[in-house]
Amino acid sequence: MDFNLPSYQQNRGVPLLFRERAAFYMLQYLNGNATKLEEVLEGSHIPVDVKLKYRKWVSPDNIPEEFKVRGYKPRVLLDCTTEVFETVKRFCEPTLCPLLAEDTIIQQLPESFILTCEYDVLRDDGLLYKKRLEDNGVPVTWYHLEDGFHGIINSFNSDWFSFPAGKRGRENIVNFLRSL
């Protein structure tokens, strides 16, 4: 929903998932095209009143300060046209963005595991979801790979492309599942 959170700014050019690609893929999923990509990237795809409604859940204010130190610049809230919002309004559906589900729904969720990677545009989405679950009494096991990037779990045991962080991430996921 917000492609200007700190992790999207800090990791906009970090492989494997670039900021622009993340927005592009989301638009492709929603509409089968990315005609409103520029509006999404600049933050002018959601009306201000909707942003304010969800600000308690989707806001840089909910990201711990230690995750804002690498080049984050707060953005001004931009409004959008009805035409643009009609194209992307499914961004606000809880089935697509569980952060926006009602508290009564969130409170019914099971114990969860969240893995975040420092060099991933999606890092802050994971941090926000972690906070949202915890605020609603859902037990969360969180593991952060300080040297991880998007997709690192897929390369934990490759002969030609392997990273120790991928192995650590996988081990933490396995340990969580075994603990259930």
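My aim in this report is to walk through the structure given alongside it, one point at a time. All figures in this text were calculated on a predicted structure; none of them were measured in a lab. (Residues numbered from 1 in each chain as written. Predicted model: local features only at pLDDT ≥ 70, side-chain atom pairs only at ≥ 80, totals over all residues. Heavy atoms only, no water.)

**Some words on the packing of aromatic side chains**
Geometry of an aromatic ring pair is reported as the spacing of the ring centres plus the angle between the planes. In the structure shown here, the tally under the stated rule is 7 aromatic pairs. Judged by centre distance (5.1 Å) and plane angle (85 degrees), the ring pair of F149 and F163 falls under edge-to-face. Here the residue F149 occupies a position in strand β2 (residues 140-149), and F163 occupies one in the loop between β2 and α8 (164-179), the gap between them amounting to 14 residues. Taking relative accessible area as the criterion, F163 reaches 28% and is therefore assigned partly exposed. One aromatic cluster is present, formed by F3, Y8 and F91 through successive ring pairs. Sitting over the face of the ring of F24, R21 holds its NZ or CZ atom 4.4 Å from the ring centroid. The ring of W57 has R132 sitting right over it, with the charged end atom 3.6 Å from the ring centre. (Phe/Tyr/Trp six-rings, centres within 6.5 Å; stacked < 30°, edge-to-face > 60°. Helix = DSSP H or I, 4+ residues; strand = E, 2+ residues; numbered from the N terminus. Buried < 20%, exposed > 50% of the residue type's maximum accessible area, 1.4 Å probe, protein only. Lys NZ or Arg CZ within 6 Å of the ring centre and 35° of its normal.)

**Concerning the pattern of salt bridges**
Once their charged atoms are close, side chains differing in charge can pair, the charge on each being opposite to the other. Tallying each qualifying case throughout the model produces 13 salt bridges. Across the pair K36 and E83 runs a salt bridge, and its minimum N-O distance is 3.0 Å. Taken together, the positions of K36 in the loop between α2 (19-31) and α3 (37-42) and E83 in helix α5 (residues 82-88) put the pair 47 residues apart, joining distant regions of the chain. Using a relative accessible area of 13% as the deciding quantity, one classes K36 as buried. (Salt bridge = Lys/Arg side-chain N within 4 Å of Asp/Glu carboxyl O.)

**Things to note about helix α7 (residues 123-135)**
An α-helical turn contains 3.6 residues, so a residue and the one three or four places further along point in the same direction. With 13 residues, α7 should reach 18 Å at 1.5 Å per residue; the first-to-last C-alpha distance of 18 Å fits that figure. For α7, every residue scored as buried is listed here: R123, D124, G126, L127, L128, K130, R132 and L133. Looking at the buried positions of α7, the neighbouring elements they touch are α1 (6-10), α6 (103-106), β1 (112-119) and β2. (Expected span 1.5 Å × (residues − 1). Contact = heavy atoms within 4.5 Å.)

**Thoughts on unusual backbone geometry**
Backbone torsion omega between P15 and L16 reads 15 degrees, so that peptide bond is classified as cis. Among the structural elements, L16 can be located in the loop between α1 and α2.

**Comments concerning the nonpolar core**
Core analysis: the largest hydrophobic core is formed by 31 residues, its most contacted members being F3, V40, I46, Y54, F91, C92 and L100. Breaking this core down by element, the ones donating at least two residues are α2, α3, α4 (48-54), α5 and α7. Residue contributions to this core peak at 4 residues, all from α2. Excluding anything up to four places from it in sequence, C92 contacts M1, I46, V50, Y54, F85 and L100. (Core = buried A, V, L, I, M, F, W, Y, C linked by side-chain atoms within 4.5 Å.)

**Here's the deal with the pairing of β2**
Looking at chain direction, β1 and β2 are connected through 7 bridges and run parallel. The residue bridging S112 from the neighbouring strand is V140, located in β2. Between the parallel pair β1 and β2, the chain is carried across by α7, and the sense of this crossover is right-handed. (Pairing = 2+ DSSP bridges. Right-handed = clockwise from strand over helix to strand, strands pointing away.)

These figures come from the coordinates and say nothing about function on their own.
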